[in-house]
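Commentary on secondary and tertiary structure
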Amino acid sequence: MNYTVPSTKYTPEHTRYGMPQNGVTLPATRYTIHEWTGSNANQYLTSSTERTSSNNLRLEAERLRCETADRTRRTQNDINVKLQDRIDNITYWKTEVDRQLQKTDQEIANLMSSKKQLEQAHVATQLPHEVATTCLKHREGRLSIDLVHDDVEVQLLKEVEMIENIQALLQQRISESDRQLSELRHCKNNLEMDLKDKCTSYGLDSRCAGLHNGSLGMSIHNNSVKIDPKSATPVAYEAFSHDNITNAEKQRVSSCRQRELNEHTMHQTSNDLHKQAETVNESFRIRTQEMIVAKTNLEENLSQTILEIGSMNENIAALKEAIRLKDSPMKVAHMRLNTRSYRPNIELVRDPVQYGLVEEVAQITDSIEALAAKLHESEAKLRNLESNKKALEEDIAVKTNSLNIDQSQCLRLRKTLVWRRHEINF
């Protein structure tokens, strides 16, 4: 029996599934039983394969879940340990930096105190310098022979030079202390910034260490999942803090040496100034004593000269009286000679009387001339005594002026100087 179905010619109005709707609808494609059976077998095989694959996938997924869960747990635990180690490391360096910061703060305070003492010492030298220069100016008021370059002037000039050198040295120490303070403050600033960063990092890492899988407010930050190439390595991190600490220690050592140098300078300069002040005062004492002795001797000489002038005046008066007293004997002798010159004739004899009268006149004349010469000499000597008296009086006035300058002006002024270290913080 022939079951062949004749072919059908389709027109455009045919649908995919058969004839027009007003006819019997037949499929456009026909499959064989073999194809049908093969299709079913293929479906069975595909289904079995997919189930097997799915089962394997489930088993593999379960294994992966367990593995990833375990790895994630171990990784998280490892991170927790590392975070704690990091926190401990930050705590150690934070403690070290804070300790160095406190030491640096204390050293800054110590050096500032030392610098203040230097400034007080520098100010304290102004009065001695003013006193020494004033004494030199006062002593320019000495007169005549007393305007001498004596040991007092030498020591005063030395004192002025010493004070000016000390002022320059103290100012140098102040400048050195300022530079050292600048270095310390720079170290302090580095330590403060380092400590601030470590405190911030400590807080952040402590916050991270406190996070767990059940923490609230967590989210994904994809932009943070990276390693910044500009970030520091652990070695660089520790080296940074180590360098800050080392530099701070180095500058503190330098500061300690500077303070020791400041203290030594103040101590030495104070001793030098004290010693020089005592030397100047001793020179004043010796010079004053010399002037007192000289003035006393001059006054004694003046007293003796005045007495001698009195005696010389009496002597001159006596000489004048003696010359005056020779006038009457001279007149008597002359009158006798004149009277006897009228003797007549042979009576005009050269008798002893005549010779005696002539000799008497000559003797009186010689006496008057000798007295007159002695009077002239005495008057000249009196003038010399008067001149010497004036010179003595002037010299005494000069010595009195010098004593007034050294005692009443200079020494009284120098008594205002009290060279004690505890009073001027030397």
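Residues numbered from 1 in each chain as written. Predicted model: local features only at pLDDT ≥ 70, side-chain atom pairs only at ≥ 80, totals over all residues. Heavy atoms only, no water.

The next subject is the overall build of the chain. Assigned secondary structure in the chain consists of seven helices and zero strands. When the helices and strands of the chain are listed from N to C terminus, the series reads α-α-α-α-α-α-α. Across the chain, contacts joining residues at least 24 apart in sequence account for 87% of those joining residues at least 6 apart. For the chain, the computed accessible surface area is about 29000 Å², with 55% contributed by carbon and sulfur atoms. (Helix = DSSP H or I, 4+ residues; strand = E, 2+ residues; numbered from the N terminus. Contact = heavy atoms within 4.5 Å. Areas by Shrake-Rupley, 256 points an atom, 1.4 Å probe, with all protein chains shown as cover.)

With that settled, consider the confidence of the model for the chain. Summarising the model, the chain shows a mean pLDDT of 87, and 89% of its residues fall at 70 or more. Confidence drops under a pLDDT of 50 for residues 419–426, and excluding neighbours within four residues, the segment shows 22 contacts in the predicted structure. (pLDDT = per-residue confidence, 0-100.)

If you trace the backbone, Asp 146 turns up in the loop between α2 (126–139) and α3 (151–210). At 3.0 Å, the side chain of Asp 146 forms a polar contact with the side chain of Lys 399. If we ignore the near neighbours within four places in the chain, the residues touching Asp 146 are Met 291, Val 398, Lys 399 and Ser 402. (Polar contact = N/O pair within 3.5 Å; in protein donor to acceptor, adjacent residues only side chain to side chain.)

Let's shift gears to the packing of aromatic side chains. Counted according to the given criterion, the structure contains one aromatic pair. Between Tyr 92 and Trp 93, the aromatic rings sit 5.2 Å apart at their centres with planes inclined by 75 degrees, giving edge-to-face as the arrangement. Overall, the relative accessible area of 46% leaves Tyr 92 in the partly exposed class. (Phe/Tyr/Trp six-rings, centres within 6.5 Å; stacked < 30°, edge-to-face > 60°. Buried < 20%, exposed > 50% of the residue type's maximum accessible area, 1.4 Å probe, protein only.)

With that settled, consider unusual backbone geometry. Unusually for a residue other than glycine, Ser 144 sits at a positive phi of about 50 degrees. Mapped onto the secondary structure, Ser 144 falls in the loop between α2 and α3. Its identity as a non-glycine residue notwithstanding, Asn 345 has a phi of 45 degrees, on the positive side. Among the structural elements, Asn 345 can be located in the loop between α5 (327–340) and α6 (352–414).

The next subject is the pattern of salt bridges. Across all of its chains, the model carries 31 salt bridges by this definition. The salt bridge partner of Glu 119 is Lys 115, with a shortest N-O separation of 3.8 Å. One end of the pair, Glu 119, and the other, Lys 115, are both in helix α1 (residues 33–124), four residues apart, so they sit about a helical turn from each other. Accessibility expressed as a relative area gives 34% for Glu 119, which makes it partly exposed. Bridged by salt links that share partners, the residues Arg 139, Arg 142, Asp 150, Glu 153, Arg 287, Glu 290 and Asp 406 form one connected network. (Salt bridge = Lys/Arg side-chain N within 4 Å of Asp/Glu carboxyl O.)

Here the focus is the nonpolar core. Core analysis: the largest hydrophobic core is formed by twelve residues, namely Val 131, Ala 132, Cys 135, Leu 136, Val 152, Leu 156, Val 160, Val 280, Phe 284, Ile 405, Cys 410 and Leu 417. Here this core takes four residues from α2, the largest share from any one element. (Core = buried A, V, L, I, M, F, W, Y, C linked by side-chain atoms within 4.5 Å.)

Take the side chain of Ser 378 next. Within the secondary structure layout, Ser 378 lies in helix α6. Taking relative accessible area as the criterion, Ser 378 reaches 6% and is therefore assigned buried. Here Ser 378 is in contact with Met 312, Asn 315, Ile 316 and Leu 319, once residues within four sequence places are set aside.

Interhelical geometry of α2 versus α3 gives an angle of 150 degrees and a closest axis separation of 9 Å. Overall, the two elements α2 and α3 adopt an arrangement that is roughly antiparallel. The two elements α2 and α3 cross, and the hand of that crossing is left-handed. Counting all contacts with α2, which are made through Gln 126, Pro 128, His 129, Ala 132, Thr 133, Cys 135, Leu 136 and Arg 139, the residues of α3 involved are Val 152, Glu 153, Leu 156, Leu 157, Glu 159, Val 160, Ile 163, Glu 164 and Gln 167. Counted by class, the contact of α2 with α3 contains nine nonpolar, four polar and four charged residues. (Axes fitted to C-alpha atoms, helices over the stretch in contact; angles between N-to-C directions. Parallel < 35°, antiparallel > 145°, perpendicular 65-115°, else oblique. Left-handed = near helix turned anticlockwise from the far one by under 90°. Nonpolar A, V, L, I, M, F, W, Y, C, P; charged D, E, K, R; others polar.)

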